[in-house]
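# Coordinate inspection notes
Each chain, letter by letter, is given below.
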Amino acid sequence: MNSIEIRALSASAETLPMLTDLLVETVAAGGSVSFMHPLAPEAASAFWERSLAAAARGERMVLGAWDGRALVGTVTLLLDCPPNQPHRAEIAKLMTSVEYRGRGVGTRLMKAAERLAADKGRTLLVLDTATEEGASGLYEKLGFTLTGEIPDYALKPHGGLTGTLIYWKRIGTPSR
């Protein structure tokens, strides 16, 4: 796992197809990341084009986990919060390639996102994850606190409803 490198992503001819494949694979494997199975590659690509354009505007940061030239995971740090919430950021779209799950990629992505948020003066991180088959164990291991569950929040990629768990974590001293 030492060969995994975490770095910010931007739109490129190399990166976009890999992000597209990762999103399609994640949804096919049941990952609840806002899309339904089967996910058309064109829809996945359009999502990433919009996301990377928002990153170029400074509204978010998209991080990638690389094993050599292969993109094996990603997480997004949402920074574009309302004027009364400049102290927080949101974690979204944590995905690890099926082949790399259980090997620490998600942990490394989350720790990098947390460092970046702190570097940008954010003191509170929030996120949500599916009740069924979500990453709650990872988030709790990383020190996130469960606020609660909203039942029947979203459709699972292969159908049926799942709840969502809402988490938060302080990453610095908030100014009051």
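Bear in mind that the values here come from a model prediction, so they are computed numbers and not experimental data.

## Some thoughts on the packing of aromatic side chains
All chains considered together, the criterion is met by 4 aromatic pairs. When the ring of Tyr139 is compared with that of Phe144, the centres are 6.0 Å apart and the planes differ by 65 degrees; the resulting orientation is edge-to-face. Given a relative accessible area of 5%, Phe144 falls into the buried group. Ring pairing ties together the aromatic residues Phe35, Phe47 and Trp48, which thus form one cluster.

## So, the layout of surface pockets
In this structure, the largest pocket spans a volume of roughly 960 Å³. If you go around the largest pocket, you meet 43 residues; those closest to its centre are Ser32, Val33, Leu94, Thr129 and Ala135. Among the secondary structure elements, those contributing two or more residues to the lining of the largest pocket are β4 (88-96), α3 (105-119), β5 (124-130), α4 (136-141), β6 (145-155) and β7 (161-170). It is β4 that provides the largest number of residues to the lining of the largest pocket, a total of 7 residues.

## Looking at the sheet that holds β4
On the basis of which strands lie adjacent, the open sheet formed by 7 strands has the order β1-β2-β3-β4-β5-β7-β6 and mixed pairing. The open sheet has two edge strands with one neighbour each: β1 (4-8) and β6. Averaged over all pairs of adjacent strands, the angle between strand axes in this sheet comes to 25 degrees, irrespective of strand direction. Of the pairings in the sheet, the one linking strand β3 (residues 70-78) to β4 comprises 5 bridges and is antiparallel in character. Directly across from Thr74, in β4, lies its bridge partner Met95. Packing of helix α1 (residues 15-28) onto the sheet brings it into contact with β2 (60-67), β3 and β4, and relative to β3 it is tilted by some 85 degrees. On top of the sheet, α3 reaches β1, β2, β3, β4, β5 and β7; it is set at about 35 degrees to β3, its chief contact.

## A look at the environment of Arg69
Mapped onto the fold, Arg69 is located in the loop between β2 and β3. When the C-alpha positions of Arg69 and Thr15 are compared, they lie 9.8 Å apart, and in sequence the two are 54 residues distant. Once residues lying within four places of it in the same chain are set aside, the contact partners of Arg69 are Glu14 and Met18. A polar contact of 3.3 Å, which involves the side chain of Arg69, links it to the side chain of Glu14.

## Some words on the pattern of salt bridges
Here the idea is simple: oppositely charged side chains can pair when their charged atoms come close. With the rule as written, the count across this model stands at 5 salt bridges. The salt bridge partner of Glu5 is Arg7, with a shortest N-O separation of 3.2 Å. For Arg7, a relative accessible area of 32% translates into the label partly exposed. Residue Glu114 pairs with Lys169 through a salt bridge whose shortest N-O separation is 2.8 Å. On the criterion of sequence distance, the pair formed by Glu114 in helix α3 and Lys169 in strand β7 is long-range, its members being 55 residues apart. Overall, the relative accessible area of 14% leaves Lys169 in the buried class.

Criteria and cut-off values
Residues numbered from 1 in each chain as written. Predicted model: local features only at pLDDT ≥ 70, side-chain atom pairs only at ≥ 80, totals over all residues. Heavy atoms only, no water. Phe/Tyr/Trp six-rings, centres within 6.5 Å; stacked < 30°, edge-to-face > 60°. Buried < 20%, exposed > 50% of the residue type's maximum accessible area, 1.4 Å probe, protein only. 1 Å grid on protein atoms, 1.4 Å probe; cavity = no way out; pocket = protein on both sides within 12 Å on 5 of 7 lines; lining within 4 Å. Points joined across faces, edges and corners; volume = space filled by probe spheres on them. Helix = DSSP H or I, 4+ residues; strand = E, 2+ residues; numbered from the N terminus. Pairing = 2+ DSSP bridges. Axes fitted to C-alpha atoms, helices over the stretch in contact; angles between N-to-C directions. Contact = heavy atoms within 4.5 Å. Polar contact = N/O pair within 3.5 Å; in protein donor to acceptor, adjacent residues only side chain to side chain. Salt bridge = Lys/Arg side-chain N within 4 Å of Asp/Glu carboxyl O.

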